[in-house]
Amino acid sequence: MSTSVTAKSREAHKRSIKTELRNTGFVPAVVYGFKTESTPIAVNAKELEKTIRTEGRNAILTLDVDGKNVNAVLKEVQKDPVKGKLIHLDFLAVSMRQELEVEVPITVVGTSVGVKEGGVLQQPIRELKVSAKPNSIPETIEVDITALGIGDTLSVGEVRDKGDYTILNDDEDVLVTVSAPVSEAELEADLEAAEPVADNGTVDADEEA
């Protein structure tokens, strides 16, 4: 299932047109890929942002480009570093029958037994690389940490084959670990070791000469 987003063709390489589009609520973009030549378009910014919030970053979008419906995924996003507004987008046209590779965010669910005992939860990996047909791409991959005690880890191999997709990360990649809490004595020792040696400001007489 895909979500429709309003799109329209545009002229490429004209700054004045791009500025006008942004002022009217559209974002300059380009779509390319499966049976689609690289085509400059513009999409409705509010529609797209709403879709991303509700359907996720990997949602399949239907773009109406000059009367032709194109199934596509959002490939690249450029934002204004100061205002955070969308300034340019890349869409990849896809075949609904062919798998593609995407990054899917991990969602940690449950409360770890080890955390309840004072352990510290660490999550080295925030996303997994997945291969799947467009309609099978998950919005997120849930990882249940309820049974993890202090010193326990959860790796990719333990969550593999839980959906209609293939995780491309190695089985040994650690998703979540619960480490032992740091005692006050250990923390003080680490802080002391990190403190620089104070310079008393004295100068050797031979050096001064």
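For the structure itself, consult the block above.
To start, this report covers the structure provided alongside it. In this text the structure is predicted, and so the values were computed from the model without any measurement.

Tallying secondary structure elements over the protein chain gives 5 helices and 14 strands in all. Split into buried and exposed, the 209 residues of the protein chain put 33% on the buried side. Contacts spanning at least 24 positions in sequence make up 63% of the contacts within the protein chain whose residues lie at least 6 apart. For the protein chain, the exposed surface amounts to about 13,400 Å²; the carbon and sulfur share of it is 47%.

In this section: the side chain of His88. If you trace the backbone, His88 turns up in strand S7 (residues 86-93). At a separation of 3.5 Å, a polar atom in the side chain of His88 contacts the side chain of Asp90. Beyond its immediate chain neighbours, meaning those up to four positions away, His88 contacts Arg10, Val27, Pro28, Ala29, Val30, Glu76, Val77 and Gln78.

Here we take up the nonpolar core. In summary, soluble globular proteins display a tendency toward joint burial of nonpolar side chains. In terms of nonpolar packing, the biggest core is built from 24 residues, with Leu128, Val130, Val143, Ile167 and Leu175 touching the most fellow members. Contributing elements (two or more residues each) for this core: strand S8 (100-109), strand S10 (127-132), strand S11 (141-144) and strand S14 (174-179). Ile167 has contacts with Leu128, Lys129, Val130, Val156, Val159 and Arg160, leaving out every residue within four places of it along the chain. Core analysis: the next-biggest nonpolar cluster, separate from the first, contains 20 residues, Ala7, Leu61, Val70 and Ala72 among them.

The subject of this paragraph is the sheet that holds strand S9 (residues 120-122). Strand order in the open sheet formed by 3 strands is S9-S14-S12, and the pairing between neighbours is antiparallel. Among the strands making up the open sheet, the edge pair consists of S9 and strand S12 (153-155). Each strand of the sheet is rotated relative to its neighbour by a mean of 10°, with strand direction disregarded. With 3 bridges joining them, S12 and S14 adopt antiparallel strand pairing. Residue pairing for S14: Thr153 is matched across the bridge by Thr177.

Inspection of every chain in the model, using the stated rule, returns 0 aromatic pairs. A cation over an aromatic ring shows up here: Lys8 above the ring of Phe26, its NZ or CZ 4.1 Å from the ring centre.

Applying the stated criterion across every chain, the model contains 2 salt bridges. The residue Lys129 makes a salt bridge to Glu101 at a minimum N-O spacing of 3.5 Å. Taken together, the residues Lys129 in strand S10 and Glu101 in strand S8 connect sequence positions 28 residues apart. A residue is classified by how much of its surface remains accessible, and Glu101, at 49% relative accessible area, is partly exposed. Close ionic contact of Asp171 with Arg160 constitutes a salt bridge, the shortest N to O distance being 2.7 Å. Within this pair, whereas Asp171 is found in the loop between strand S13 (166-167) and S14, its partner Arg160 is found in the loop between S12 and S13, the two being separated by 11 residues in sequence. We classify Asp171 as partly exposed; its relative accessible area is 37%.

A few words on the pairing of S11. Burial of the side chains of S11 is restricted to one face: Ile141 and Val143 are buried, whereas none of Glu142 and Asp144 on the reverse face is. In this sheet, S11 lies alongside S8 in parallel orientation, the contact comprising 4 bridges. From the neighbouring strand, Val109 faces S11, where its bridge partner is Asp144.

Parameters and conventions
Counting of residues starts from 1 at the beginning of each chain's written sequence and follows it residue by residue. At least 70 in pLDDT is required for a residue's local features to be given in this predicted model, at least 80 for side-chain atom pairs to be given and counted, and no such filter applies to totals for whole chains, interfaces and linings, which use all residues. Note that water and hydrogens are dropped before the side-chain values are worked out from all heavy atoms of the structure. Each helix is a run of H or I in the DSSP string that is no shorter than four residues. Each strand is a run of E no shorter than two, and both are numbered from the N terminus. Each residue is placed in one exposure class: buried if its accessible area under a 1.4 Å probe, protein chains only, is under 20% of its type's maximum, exposed if it is over 50%, and partly exposed if it falls in between. Whether two residues are in contact is decided by their heavy atoms: any pair within 4.5 Å suffices. All accessibility values rest on the Shrake-Rupley procedure with a 1.4 Å probe; residue burial counts only the protein chains present in the view. In the analysis that follows, any N or O atom pair within 3.5 Å is treated as a polar contact, provided that within protein one partner can donate a hydrogen and the other can accept it, and provided that, for residues neighboring in sequence, both atoms belong to side chains. For our purposes a nonpolar core is just a set of buried Ala, Val, Leu, Ile, Met, Phe, Trp, Tyr and Cys residues, chained together by side-chain atoms within 4.5 Å. Here, a strand pair is defined by DSSP locating no fewer than two bridges between the strands. Here an angle of 0 to 180 degrees is reported between the N-to-C directions of two axes, which are lines fitted to C-alpha atoms, with helices fitted over the stretch in contact. Between 30 and 60 degrees the pair is tilted, below 30 it is stacked and above 60 it is edge-to-face, where a pair is any two Phe, Tyr or Trp rings, Trp via its six-membered ring, whose centres lie within 6.5 Å. Consider the ring centre and the ring normal. A charge sits over the ring if Lys NZ or Arg CZ is within 6 Å of that centre and within 35 degrees of that normal. The salt bridge definition used is simple: a Lys or Arg side-chain nitrogen within 4 Å of an Asp or Glu carboxyl oxygen.

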